[in-house]
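This is what each chain is made of:
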Amino acid sequence: MTKCVQICQHRSCRKKGAAEVLAAFKSLPIADVTVTASGCLGQCGNGPIVLVLPDMVWYCRVLPLEVHLVVEKHLLGGQIVKQMLYHRFHPQG
Ligand code: FES
C-alpha cells in the first residue's frame, strides 16, 4: 500500500531542523512512498515530528542523520524504529 511520510514544517519543528529532515527524506526517494511537508501536527516541542501514514507511527525529535533508519527499516523493511518512537502515542515503544 502507498505510504505517506508527513514532516511537520511549522514553527517549532523548523527551529529544531525540520527543513533538513524533509530534505533528507527527499534525497532518499522510494517507490510508493510520498514525502510531504505538513502543517503543525499538534506536538510542538517534540519536533521535528514525522508521521508515517497509514501506519499511524509517530517519530519525534528526528535528526537528519536518523532519516535513513526510517527509510531502510520502516519504509523498506516494514519494521518500526523503536528508539525513535514518540512516547506519547507509543507508550509501550
Ligand atoms: S510545530 Fe511541529 S508539531 Fe507543531
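Our structure is the block above this text.
Residues numbered from 1 in each chain as written. Predicted model: local features only at pLDDT ≥ 70, side-chain atom pairs only at ≥ 80, totals over all residues. Heavy atoms only, no water.

Attention now moves to the overall build of the chain. When you go through the chain residue by residue, the secondary structure sums to three helices and four strands. Secondary structure elements in the chain, listed N-terminal to C-terminal, are β-α-α-β-β-β-α. Against the globule reference of 12 Å for 93 residues, the chain gives a C-alpha radius of gyration of 12 Å, in line with a compact fold. For the chain, the C-alpha atoms occupy an extent of roughly 30 × 30 × 20 Å along the three principal directions. For the chain, the share of sequence-separated contacts (at least 6 apart) that also reach a separation of at least 24 residues comes to 63%. (Helix = DSSP H or I, 4+ residues; strand = E, 2+ residues; numbered from the N terminus. Rg over C-alpha atoms; globule rule 2.2 N^0.38 Å. Contact = heavy atoms within 4.5 Å.)

Judged by pairing direction, the sheet is mixed, and its four strands sit side by side in the order β2-β1-β3-β4 without closing on themselves. Of all the strands in the sheet, just β2 (33–38) and β4 (57–59) have a single pairing partner and so form its edges. Each strand of the sheet is rotated relative to its neighbour by a mean of 20°, with strand direction disregarded. Pairing analysis gives three bridges linking strand β3 (residues 50–53) to β4, with the strands arranged antiparallel. Paired with L51 across the two strands is W58, which belongs to β4. Along the sheet, helix α2 (residues 18–26) makes contact with β1 (3–8), β2 and β3, crossing β1 at roughly 155°. Sheet contacts for helix α3 (residues 67–76): β1, β2, β3 and β4; angle to β4, the most-contacted strand, approximately 170°. (Pairing = 2+ DSSP bridges. Axes fitted to C-alpha atoms, helices over the stretch in contact; angles between N-to-C directions.)

Function cannot be read off these values alone, since they describe shape.
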